[in-house]
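A structural walkthrough
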Amino acid sequence: MTSLKGPLINRRAAMKGAVGLAAATMAPWVRAAVPPPVKVGSIMPSSGILAFPGQSCVRGIDLGAKFARERYGVEITVVHADTQSKPENGRIAADSLIQQGCNVLIGAWDSGATISALQAAEAAKVPMVVHIASANQVTSQGFTQVFRFYPPAATIVRQSLAEMRALVTSVNDPPKGAVVLHLSNTMGTSTATSLDAAWKELDLPVKLLEYIPYDEKARDLSVEVAKAKASGADALVSVTRVNDAIMIIRECIKQAWNPKLIFSPNGNGVPDKAFYDALGKYADGAMSSNLWYNPKGEDARTIVDRFQSTYANEWMDANSGCAFEAVQIVADAVVRAKSAVSSEIHAALKATDLKPMLMYSGPIRFDATGQNTGAAVTVLQARQSKPRVVGPDGIAEYKAQYPLVPFEKR
């Protein structure tokens, strides 16, 4: 990995006990001894239909390892494994990484691949930090090696719909009916189930008209979008990956359907660079609620700038951000454990109480199921070809725009 440049405390100083990032913006961290080196296995969909987010996660992992070395003095060797966007390959990748001597795993982005990989982690008693995967089953099946930073679908959906409710009750001419377009995979069906329950619980003043599932391998969503339009809905709620998020907007344009609100709880599209590259001005206005970095966090600007200088043609997004944070969680555990032994890292992870370095979240703490209890979401809106934070109010960069500008008037 390319070494980072900047006003960093050198290694000799680190050996004396002071370790920091850029001295002007990062508080120093003091430790009694240099932590042991650790080998981390990274499980991501770096090829196939999920390659966009998978490759973003890889960038976040690699940058996170550099920062962990600077912040904690931990020498992290990262070994990457590609699931090829096939859920069943999660276990194969995890087994391979464990056989290569990885002491801890991070992955696997897709919920199906994550659950598959956790089976191998469980059998080998190797802890796995789940940076992204929202299916409720990840922490509800009794796995003892799971430590999920990301919120479960039920939490994301409830927080998301609370923000959506606040929006639609504060605007003139709010939408009257909504249709849900969602993936039919593990993540999509889990989110749709959570949506139904949270919608009723929060008593959203928008009628939920229809659920329309589709296969994540679909190459054409014209029928599904036509069905959504025919429902009479003036709000589109979607649970997507980035490729299908792009297809849905293109079909809305082709079919002259202009929802007043496009909102994606627990979906890709708005957070992803590929969405803007593909859609240009037609991306603007769509909203999504996801984990995102805190734009007002004390360290965020330094980290985002480092990311941009390292990957000039990319940007720090939810995928790279969560992957980056997962490495910091591992490094913190290794420092406290004073060990690279899997069982001792596991014990340290259970006792985690960590302020996020980058992402918007409460303190990172894991409950008995392995779920981060501080997990929280932001609301993003596509504005001028970038995702901008519009909620919660305390970290918002912009005020949400409503309704969407009709596609033909852009």
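Shown above is the structure to which this text applies.
Here's what I pulled together on the structure shown here. (Residues numbered from 1 in each chain as written. Predicted model: local features only at pLDDT ≥ 70, side-chain atom pairs only at ≥ 80, totals over all residues. Heavy atoms only, no water.)

1. Observations regarding the overall build of the chain
Across its full length, the chain holds 12 helices and 14 strands. Relative to its length of 410 residues, the chain is compact, with a C-alpha radius of gyration of 21 Å against a globular reference of 22 Å. Taken along its principal axes, the extent of the C-alpha atoms in the chain is 65 × 45 × 35 Å. For the chain, with 410 residues in total, the buried portion stands at 60%. In the chain, once contacts between residues fewer than 6 apart in sequence are set aside, the share between residues at least 24 apart is 70%. Within the structure as shown, the chain displays about 16000 Å² of accessible surface, and the carbon and sulfur contribution to it stands at 52%. Considering the chain, the positive charge centre built from 43 side chains and the negative charge centre built from 37 side chains are found 4 Å apart. (Helix = DSSP H or I, 4+ residues; strand = E, 2+ residues; numbered from the N terminus. Rg over C-alpha atoms; globule rule 2.2 N^0.38 Å. Buried < 20%, exposed > 50% of the residue type's maximum accessible area, 1.4 Å probe, protein only. Contact = heavy atoms within 4.5 Å. Areas by Shrake-Rupley, 256 points an atom, 1.4 Å probe, with all protein chains shown as cover. Lys, Arg positive; Asp, Glu negative; His and termini not counted. Charge placed at Lys NZ, Arg CZ, Asp CG, Glu CD.)

2. Focus: the sheet that holds strand 14 (residues 386-391)
Within the open sheet, the seven strands sit side by side as 9-8-10-11-12-13-14. Their pairing is mixed. Looking at strand neighbours, the two that pair on one side only are strand 9 (207-214) and strand 14, the edges of this open sheet. Ignoring strand direction, the axes of neighbouring strands in this sheet form an average angle of 25°. Direction of pairing for strand 8 (residues 177-183) relative to strand 9: parallel, over a ladder of seven bridges. (Pairing = 2+ DSSP bridges. Axes fitted to C-alpha atoms, helices over the stretch in contact; angles between N-to-C directions.)

3. Points about the sheet that holds strand 3 (residues 38-44)
Pairing is parallel in the open sheet, where five strands are placed in the order 4-3-5-6-7. Strand pairing shows two members of the sheet lacking a second neighbour, strand 4 (76-82) and strand 7 (146-148), which therefore form its edges. Ignoring strand direction, the axes of neighbouring strands in this sheet form an average angle of 25°. Here strand 5 (residues 104-107) pairs with strand 6 (residues 128-130) via three bridges, running parallel. Counted as the bridge partner of Leu 105 is Met 128 from strand 6.

4. Notes on the nonpolar core
With 113 residues, the main nonpolar core has Ile 76 and Phe 275 as its most contacted residues. Counting residues per element, this core draws most heavily on helix 11 (residues 318-337), at 12 residues. Core analysis: the second largest hydrophobic core is formed by 24 residues, Ile 43, Ala 94, Ala 121 and Val 138 among them. (Core = buried A, V, L, I, M, F, W, Y, C linked by side-chain atoms within 4.5 Å.)

5. Regarding helix 4 (residues 111-124)
Compared with an ideal rise of 1.5 Å per residue, which puts 14 residues at 20 Å, helix 4 spans 20 Å between its outermost C-alpha atoms and is within 8% of the ideal. Within helix 4, burial applies to Ser 111, Gly 112, Ala 113, Thr 114, Ile 115, Ser 116, Ala 117, Leu 118, Ala 120, Ala 121 and Glu 122. Buried residues along helix 4 sit in contact with strand 3, helix 3 (89-99), strand 5, strand 6, strand 7 and helix 6 (186-202). With a side-chain oxygen lying 3.2 Å from the backbone nitrogen of Gly 112, the N-terminal cap of helix 4 falls on Asp 110. Phi for Lys 125, located one or two positions after helix 4, is positive at around 55°. (Expected span 1.5 Å × (residues − 1). Polar contact = N/O pair within 3.5 Å; in protein donor to acceptor, adjacent residues only side chain to side chain.)

6. Observations concerning the packing of aromatic side chains
Scanning the entire structure with this criterion turns up seven aromatic pairs. Both rings, one in Phe 147 and one in Phe 366, keep their centres 5.3 Å apart while their planes meet at 75°; by these two values the pair is edge-to-face. Within this pair, whereas Phe 147 is found in strand 7, its partner Phe 366 is found in the loop between helix 12 (342-350) and strand 13 (378-383), the two being separated by 219 residues in sequence. Residue classification places Phe 147 among the buried residues on the basis of a relative accessible area of 3%. Between the aromatic rings of Phe 307 and Tyr 311, the centroid separation amounts to 5.0 Å while the plane-to-plane angle is 50°, which identifies the pairing as tilted. (Phe/Tyr/Trp six-rings, centres within 6.5 Å; stacked < 30°, edge-to-face > 60°.)

7. Some remarks on the side chain of Gln 381
Turning to its location among the elements, Gln 381 is positioned in strand 13. Within the structure, Gln 381 has its side chain in polar contact with the backbone oxygen of Gly 285 (distance 3.1 Å). At 2.9 Å, the side chain of Gln 381 forms a polar contact with the backbone nitrogen of Gln 401. Setting aside residues no more than four positions away along its own chain, Gln 381 makes contact with Val 270, Gly 285, Ala 286, Met 287, Lys 386, Pro 387, Arg 388, Val 390, Lys 399, Ala 400 and Gln 401.

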